[in-house]
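So the chains spell out like this:
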Amino acid sequence: MNQHNRNIGTGERPVIRQLDDAAANRIAAGEVVERPASAVKELVENALDAGATRIAVDYADGGKTLIRVSDDGCGMTAEDLPLALSRHATSKIDGSDLLNIHTFGFRGEALPSLGAVGRLTITSRADGFDACQITVAGGQIGPVKPAALNRGTVVELRDLFFATPARLKFMRTDRAEAQAITDVMKRLAMAEPYVSFTLTEVSNDKSREIFRADAEQGELFDALSARLGRVIGRAFADNAVKIEAEREEIRLTGYAALPTYSRGAAVEQFLFVNGRPVRDKQLIGALRAAYMDFLSRERHPAACLFITCDPERVDVNVHPAKAEVRFREAGTVRGLIVTGLRHALAQAGHRASSTVAEATLGAMRPEPTADQPPRIYQMDRPSYGAMRTSYAAQAPLIEPVFNEAPAPRFDYAPSARAEATAPAEPTLTEKPLGAARAQVHENYIIAQTERGIVIVDQHAAHERLVYEKLKAQMAENGVPAQALLIPEIVELSQGDAALLLEHAEALGRLGLTIEPFGGTAIAVRETPAVLGEINAEALLRDVLDELADLGDSQLVQAKIEAVLSRMACHGSIRSGRQMRADEMNALLRQMEATPHSGQCNHGRPTYVELKLSDIERLFGRT
């Protein structure tokens, strides 16, 4: 194997040289402009900083041959244009305070970096001034010329990386680069609901609109909900709960989807800090911790969250592309996300995602064939009051099933039992989960509501109710700990030992008591009683892995809650048990009163609600 020589030189002493501006700009471009989507991000953020209300982006060949960003912002004068192409020249800060940053950009690197690796043309007009234009290609800046433009700025970037051909070899396909541009536009559009965004592909002399989001109107949360419906989809907006929380002057707003609206990958997790899109693993970890009690490990929550705080409490200058941030009080931000989301999800009560019903209806709906389209039967639909009166008149006069009466003998076990409605029960149909009407296959409760039916998985629903009760009892009484007869001594590195001891108090509240034992050893004196006999060293090392990866650990709490979940499973109504009408209705009322009862302990729905109009469509009645 050849040994790579990392020495600068093996002969004469190397000489330190000052790189020229062109080389410096190309190096900076390597950090700032990773791909065409990076250029779009920088240019659109500049437009937003300029106060634009309409932003249009055109691209060709995945952004490799053309990126054009047009806005109606404040514009620039002829004196501004050459300065805009100089490194570290910016109108957004004065250089005296690098923490008090209120804009997207502040380094003054984007435009000179783009001009160093591509062919850049900027046309701009400020109010009260004539329009002007400047070009730069491969770092060579041309003169300022008069131009024609009504308002704002148009930045056109052609032949990206023509000055650094080696970078082109690392570009992905046009399709992949175009998708990355779309993702950038959507993230920025989510953060600015009052700004109009348009994305158009103009490859091969053909124009095709890829994305459009017109400016929203109304109050902020209404505008944000409408914008998220356009960007992510109506399914997310219809199944998300409003998030609004504050702690120590740090504010959390946005929308988070119900646990039953979960994804197989983290594709719908959008986080913003002071309006800036970020991909921060500690914030993602806090989001997962908030849903830890509702989703299995292979499912991912969906959320769009905005953290707003004093700019001096967050450092946005820790990443070349400003994709990561560092908070002064990281623990406060994490706690705000976890408690804010859990409180909002608890407020949702028994609510479950509407996509569950849509999937159910889709499974029952027959697939139309090409030669036989679905048949629609046009029928008059009576009013709800007329139907209710008609049902009452047609109700059979039978004794309540709870009276002990000889049951007819069958040669087989019935798969369903219909329950007679007691005279005092009509108001139960007005409840969210309605009145129990039948039990099928000794596992599913059929309930009637005012506008449809509800199908409940009795075991999954009762398991969640028992689980929530056990958690409430533990929260009230604390986590019982069992003292080890002989403390277990775990040898760790100096850094790991110090990290664990920093979180000793939090671990102690969960029944895991640790203390220093001289040198870099840790003594484990108590463990959570509900976990039984455990390998303390393995548990501590797993906790350390989470602390190193996410900055916090929910492992001990997750293990405790997993035990409670198993206890709830064994203590709940089993599948195959026949239930009386009063038991079924009691279960429905408990579900209505218990937070998170819309999903089981693994994130699956505990009930499906089908609207009457949807059922009628299944039978071709509409």
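Remember, predicted model here, so these are calculated numbers, not experimental data.

1. Regarding the sheet that holds strand β21 (residues 481-491)
What the three strands build is an open sheet, ordered β21-β23-β22; its pairing is antiparallel. Strands at the two margins of the open sheet, each flanked by one partner only, are β21 and β22 (513-516). The average undirected angle you get between the axes of adjacent strands in this sheet is 20°.

2. Quick notes on empty space enclosed by the protein
Across all of its chains, the model carries one cavity of 30 Å³ or more by this definition. There is about 40 Å³ of room inside the largest cavity. Looking at the largest cavity, the residues that line it are L258, P259, L345, A348, G349, R351, H596 and Q599. Tallied by class, residues from the lining of the largest cavity come to four nonpolar, three polar and one charged.

3. Side note on the environment of A498
Along the chain, A498 turns up in helix α14 (residues 494-502). Along the backbone, A498 and T520 are 22 residues apart, and their C-alpha atoms lie at a distance of 8.2 Å.

4. Focus: helix α10 (residues 330-347)
If you check α10, its first and last C-alpha atoms are 26 Å apart, about what 18 residues at 1.5 Å a residue would give, namely 26 Å. For α10, the complete set of buried residues consists of T332, V333, R334, G335, L336, I337, V338, G340, L341, A344 and L345. Immediately downstream of α10, the backbone of G349 shows phi near 65°, a positive value.

5. With respect to the confidence of the model for the protein
Looking at the protein as a whole, its pLDDT mean stands at 80, while 78% of the residues score no less than 70. The low-confidence segment residues 375-381, where pLDDT is below 50, has eleven contacts with residues more than four positions distant or belonging to other chains. Long-range and interchain partners of residues 393-414, a stretch whose pLDDT sits below 50, account for nine contacts in this model, where long-range means more than four residues apart.

6. Considering the side chain of T253
With respect to the helices, strands and loops of the structure, T253 is situated in strand β11 (residues 250-257). Setting aside residues no more than four positions away along its own chain, T253 makes contact with F221, I243, E244, C304, L305 and F306.

7. Focus on the nonpolar core
Ranked by size, the top nonpolar core spans 60 residues in total, and within it V44, I55, L120, I122, F197 and F236 carry the most contacts. Here this core takes nine residues from helix α6 (residues 174-191), the largest share from any one element. When neighbours within four sequence positions are excluded, L120 is seen to be in contact with L85, L111, L114, G115, I134, T135, V136, V155, E156 and L157. I243, I250, F294 and A303 belong to the second-largest nonpolar core, a separate cluster that totals 34 residues.

8. A short note on the packing of α6 against helix α7 (residues 220-231)
It is at 9 Å that the axes of α6 and α7 come closest, and there the two elements cross at 165°. In terms of axis orientation, α6 runs roughly antiparallel to α7. Like other packed secondary-structure pairs, α6 and α7 cross with a definite hand, here right-handed. Together, K186, A189 and M190 of α6 and L224, R227, L228 and V231 of α7 make up the contact between the two elements. Of the residues that constitute the contact of α6 with α7, the class distribution is five nonpolar, no polar and two charged.

9. Regarding a negative patch on the surface
There is a patch of like negative charges on the surface, built from E246, E248, E249, D310 and E312. Position of E246 relative to the elements: it lies in strand β10 (residues 240-247).

10. Description of the environment of G452
Position of G452 among the secondary structure elements: in strand β20 (residues 452-457). Relative accessible area serves as the criterion here: at 8%, G452 is assigned to the buried category. Once the C-alpha coordinates of G452 and L610 are considered, the two residues, 158 residues apart in sequence, prove to be 5.7 Å apart. Discounting residues that sit within four places of it in the chain, G452 has contacts with A447, L610, K611 and L612.

11. Quick word on the packing of aromatic side chains
All told, the structure shown has three aromatic pairs when counted by the stated rule. Residue placement shows R119 over the ring face of F162; its charged tip is 3.8 Å from the ring centre. Between K242 and the ring centre of F221, over which it is positioned, the NZ or CZ distance is 4.3 Å.

12. Focus on the pairing of strand β8 (residues 196-201)
With respect to burial, β8 is a largely interior element, six of its six residues being buried. Burial along β8 is two-sided: the residues S196, T198 and T200 and F197, L199 and E201 are all buried. Two strands pair when backbone bridges link them, and strand β1 (residues 54-60) and β8 are joined in this way by six bridges, in the parallel orientation. If you follow A56 over to β8, its bridge partner there is T198. In this sheet, strand β9 (residues 208-213) lies alongside β8 in antiparallel orientation, the contact comprising five bridges. Residue T198 lies in a different strand from β9, and its bridge partner there is R212.

13. As for the sheet that holds strand β13 (residues 276-278)
Taken together, the five strands give an open sheet; going across it, the order is β10-β11-β14-β12-β13, and neighbouring strands pair in mixed fashion. Each edge of the open sheet carries a strand with a single partner, namely β10 and β13. Neighbouring strand axes in the sheet, compared pairwise and without regard to direction, differ in orientation by 20° on average. Note: strand β12 (residues 269-273) against β13, three bridges, orientation antiparallel. The residue of β13 that forms the bridge with F272 is P277.

14. Section: the packing of helix α2 (residues 36-49) against α6
Put simply, α2 and α6 touch, their axes get as near as 8 Å, and they point 25° apart. As summarised for this structure, α2 and α6 are arranged roughly parallel, according to the angle between their axes. α6 is crossed by α2, and the crossing has right-handed handedness. Across from P36, A37, V40, K41, V44 and E45 in α2, the residues of α6 making contact are E177, A180, I181, V184, M185 and L188. By residue class, the composition of the contact of α2 with α6 is nine nonpolar, no polar and three charged.

Quick notes on the rules
Residues numbered from 1 in each chain as written. Predicted model: local features only at pLDDT ≥ 70, side-chain atom pairs only at ≥ 80, totals over all residues. Heavy atoms only, no water. Pairing = 2+ DSSP bridges. Helix = DSSP H or I, 4+ residues; strand = E, 2+ residues; numbered from the N terminus. Axes fitted to C-alpha atoms, helices over the stretch in contact; angles between N-to-C directions. 1 Å grid on protein atoms, 1.4 Å probe; cavity = no way out; pocket = protein on both sides within 12 Å on 5 of 7 lines; lining within 4 Å. Points joined across faces, edges and corners; volume = space filled by probe spheres on them. Nonpolar A, V, L, I, M, F, W, Y, C, P; charged D, E, K, R; others polar. Expected span 1.5 Å × (residues − 1). Buried < 20%, exposed > 50% of the residue type's maximum accessible area, 1.4 Å probe, protein only. pLDDT = per-residue confidence, 0-100. Contact = heavy atoms within 4.5 Å. Core = buried A, V, L, I, M, F, W, Y, C linked by side-chain atoms within 4.5 Å. Parallel < 35°, antiparallel > 145°, perpendicular 65-115°, else oblique. Left-handed = near helix turned anticlockwise from the far one by under 90°. Patch = residues over 30% accessible without salt bridge, like charges linked within 9 Å, V, L, I, M, F, W, Y side chains within 5 Å. Areas by Shrake-Rupley, 256 points an atom, 1.4 Å probe, with all protein chains shown as cover. Salt bridge = Lys/Arg side-chain N within 4 Å of Asp/Glu carboxyl O. Lys, Arg positive; Asp, Glu negative; His and termini not counted. Charge placed at Lys NZ, Arg CZ, Asp CG, Glu CD. Phe/Tyr/Trp six-rings, centres within 6.5 Å; stacked < 30°, edge-to-face > 60°. Lys NZ or Arg CZ within 6 Å of the ring centre and 35° of its normal.

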